[in-house]
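# A closer look at the structure
Chain by chain, the residues run as shown.
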Amino acid sequence: MDFSNLAKQRCSVRGYEQKKVEESKIEDLLNAGRLAPTAANKQPQKILVLDKCESLAKVNKSANCHGAPLVMIVLADKETAWVRPFDKKSMVDIDGSIVADHIVMQAEDLGLSSCWITFFDPCILKEAFAIPDNLEPVAIITLGYSSVMKDAERHIRTRNPLESMVFYNQF
Ligand SMILES: Cc1cc2nc3c(=O)[nH]c(=O)nc-3n(C[C@H](O)[C@H](O)[C@H](O)COP(=O)(O)O)c2cc1C
């Protein structure tokens, strides 16, 4: 699907069939995360794939994963991510977010649905999966086949108009 239609079609899905995601699709999702651009090509990303009942039960203790049969936790290494020298701003969250978005868009292209989750308790998550201190959990992505109707018109209703966000040459 071409990108503009993909972007129009994608929406957050909060209900999934209990059908397993095929191995080849999981591989495509992971490769999309691998190909994502990162600041100075530092590639600080790590992707924790949860596809077993026990792992999914654990992640659901720190966040509502809407019954997804597949969950990916996108993390980024604080010690590897590029830091802008002028103000010491780390790109760790930006890099992790781009990786997560690549996974989300790839999912849509594969006929899967997804939802970003950042409403999670990082302490519970870190403990549950023995996440090392240097890794920042950036996003949980729920993945699978949707069990709910997608609302194709929602962008028209829920997005602010371009005029409210775009400025040419000066504010
Ligand atoms: C950074 C980020 C964090 C989000 N966190 C959550 C979350 O914790 N739980 C949830 O249900 N949706 C979450 N979402 C989904 C947003 O609510 C959703 O993208 C937004 O309402 C627009 O709807 P759409 O994705 O269907 O276009 C998050 C989205 C983004 C981009």
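Keep in mind that this is a model prediction, so the values were computed, not measured. (Residues numbered from 1 in each chain as written. Predicted model: local features only at pLDDT ≥ 70, side-chain atom pairs only at ≥ 80, totals over all residues.)

### Let's talk about the overall build of the protein chain
Per the secondary structure count, the protein chain includes six helices and four strands. Computed over C-alpha atoms, the radius of gyration of the protein chain comes to 17 Å, within 12% of the 16 Å expected from 2.2 N^0.38 for 171 residues, which places it in the range of a compact globule. In terms of overall dimensions, the protein chain has a C-alpha envelope of 50 × 40 × 30 Å along the principal axes. The buried share among the 171 residues of the protein chain stands at 29%. For the protein chain, contacts bridging at least 24 residues in sequence account for 80% of all contacts bridging at least 6. (Helix = DSSP H or I, 4+ residues; strand = E, 2+ residues; numbered from the N terminus. Rg over C-alpha atoms; globule rule 2.2 N^0.38 Å. Buried ≥ 20, exposed ≤ 12 C-beta atoms within 10 Å, placed from the backbone. Contact = placed C-beta atoms within 7 Å.)

### A word on the packing of helix α2 (residues 23–35) against helix α4 (residues 92–109)
At their nearest, the axes of α2 and α4 sit 8 Å apart, and the two run at 145° to each other. The hand of the α2/α4 crossing is right-handed. Residues Asp-28, Leu-29, Ala-32, Gly-33 and Leu-35 of α2 touch α4, and the partners they reach there are Val-99, His-102, Ile-103, Gln-106 and Ala-107. The residue inventory of the contact of α2 with α4, partitioned by class, reads six nonpolar, three polar and one charged. (Axes fitted to C-alpha atoms, helices over the stretch in contact; angles between N-to-C directions. Left-handed = near helix turned anticlockwise from the far one by under 90°. Nonpolar A, V, L, I, M, F, W, Y, C, P; charged D, E, K, R; others polar.)

### Side note on the sheet that holds strand β1 (residues 45–50)
The four strands lie next to each other as β1-β2-β4-β3, forming an open sheet whose pairing is antiparallel. The strands lining the two open edges of the sheet, one partner per strand, are β1 and β3 (113–117). Going across the sheet, the axis of each strand differs from the next one's by a mean of 25°, ignoring polarity. Examined bridge by bridge, β1 and strand β2 (residues 70–77) share six bridges and lie antiparallel to one another. Considered in β2, the bridge of Gln-45 is made with Ala-76. (Pairing = 2+ DSSP bridges.)

### Brief notes about the site of the ligand
Cys-11, Ser-12, Arg-14, Cys-115, Trp-116, Ile-117, Thr-118 and Phe-119 make up every residue found near the ligand. Of the residues in the shell around the ligand, the class split is five nonpolar, two polar and one charged. (Near = placed C-beta within 6 Å.)

### Focus: the environment of Asn-5
Turning to its location among the elements, Asn-5 is positioned in helix α1 (residues 3–9). The spatial distance from the C-alpha of Asn-5 to the C-alpha of Lys-61 is 35 Å, given a sequence separation of 56 residues.

### Describing the nonpolar core
Within the largest apolar cluster, 32 residues are counted, with the highest numbers of intra-cluster contacts made by Val-71, Val-74, Ala-100, Ile-103, Ile-140, Ile-141 and Leu-143. For this core, the secondary structure elements donating two or more residues are β2, α4, β3 and β4 (135–144). In this structure, Ile-140 is in contact with Val-59, Ala-63, Cys-65, Val-71, Ile-73, Ile-117 and Phe-120, ignoring residues within four places of it in sequence. (Core = buried A, V, L, I, M, F, W, Y, C linked by C-beta atoms within 7 Å.)

### Side note on the pairing of β3
For β3, the tally of buried residues reaches four of five residues, placing the bulk of the element in the interior. Across five bridges, β3 lies against β4 in antiparallel orientation. For Ser-113, the partnering residue across the bridge sits in β4 and is Gly-144.

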